[in-house]
Amino acid sequence: MAHTSALVSALDEYVAARDAAVAKARSELSVSELEASALTCIGEQPGIRPSVLRGHLGVTAAGVTTMVDRLIGRGLVRRELDADDRRVNHIYLEVDLDEEPWVALQRFALDTEAAVRGESADAADAAAQLVRRITERVSARV
């Protein structure tokens, strides 16, 4: 077995730390990974239609309906009928993902961004370019 480079180890540690932080936030907020993804999608696209949300999440129409109903029941989202076509509905957040406690879902990413800003621009750019080149090489083989 080949020796793991310091860079690969550092990337693995970053991914593990990110995943642990997000899992902890989801646990504390009592949302599943799928629900957290749905909340993020709805936050990025207020008024999203269930069919579009389904496509983003890769679940069935029944799965989206069940999940949205569950999120409505918890007061996290609301469903509004379309003014022009009552067969269509739109989903909106009832919580602010940029405020406590919901910002916890993004905290690791926000803290990472702040830490990167604490580095020199040259170092950050060089690291970004290196990771992008590595990702492109590896992705080309998948």
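Everything below is about the structure printed above this text.
Reading the values: the criteria
- The numbers attached to residues start from 1 for each chain and follow its sequence in the written order.
- At least 70 in pLDDT is required for a residue's local features to be given in this predicted model, at least 80 for side-chain atom pairs to be given and counted, and no such filter applies to totals for whole chains, interfaces and linings, which use all residues.
- The basis for every side-chain value is the complete set of non-hydrogen atoms in the structure, without hydrogens or water.
- The way it works is that DSSP assigns letters per residue, a run of H or I at least four long becomes a helix, a run of E at least two long becomes a strand, and they are numbered from the N terminus.
- Our radius of gyration looks at C-alpha atoms and nothing else; its globule reference is 2.2 Å times the residue count to the power 0.38.
- Burial classification: accessible surface area is computed with a 1.4 Å probe over protein chains only, and a residue below 20% of its type maximum counts as buried, one above 50% as exposed, and the rest as partly exposed.
- Every residue pair with non-hydrogen atoms within 4.5 Å of one another is taken to be in contact.
- In what follows, salt bridge is the name for a side-chain nitrogen of Lys or Arg lying within 4 Å of a carboxyl oxygen of Asp or Glu.

### Here's the deal with the overall build of the chain
Along the backbone of the chain there are six helices and two strands. Reading the secondary structure of the chain in the N-to-C direction produces α-α-α-α-β-β-α-α. Here the chain has a C-alpha radius of gyration of 19 Å; the compact-globule value for 142 residues is 14 Å, and the former is much larger. Taking the principal axes of the C-alpha coordinates as reference, the chain spans close to 60 × 35 × 30 Å. Scored against the burial criterion, the 142 residues of the chain give a buried share of 23%. Long-range contacts, defined as pairs at least 24 residues apart, comprise 46% of the intrachain contacts of the chain with a sequence gap of at least 6.

### Structural notes on unusual backbone geometry
Along the chain, Glu 100 connects to Pro 101 via a cis peptide bond; the corresponding omega equals -5°. Mapped onto the fold, Pro 101 is located in the loop between strand S2 (89-93) and helix H5 (107-117). One non-glycine residue, Ser 30, adopts positive backbone phi at about 55°. Structurally, Ser 30 is set in the loop between helix H1 (6-29) and helix H2 (33-44).

### Examining the pattern of salt bridges
Enumeration over the complete set of coordinates arrives at eight salt bridges. Note that Asp 19 and Arg 18 form a salt bridge whose closest N and O atoms lie 3.1 Å from each other. In this structure, Glu 35 engages Arg 70 in a salt bridge whose closest nitrogen and oxygen atoms are separated by 2.7 Å. Here Glu 35 is found in helix H2, whereas its partner Arg 70 is found in helix H4 (residues 61-73), with 35 residues between them in sequence.

### What to know about the environment of Gly 75
Turning to its location among the elements, Gly 75 is positioned in the loop between H4 and strand S1 (77-81). Look at Gly 75 and you get partly exposed, because its relative accessible area is 38%. A sequence separation of 20 residues divides Gly 75 from Val 95, and the C-alpha atoms of the two residues are 8.2 Å apart. Not counting chain neighbours up to four residues away, the residues in contact with Gly 75 comprise Glu 94 and Val 95.

Limitation: the analysis is restricted to geometry and does not speak to function.
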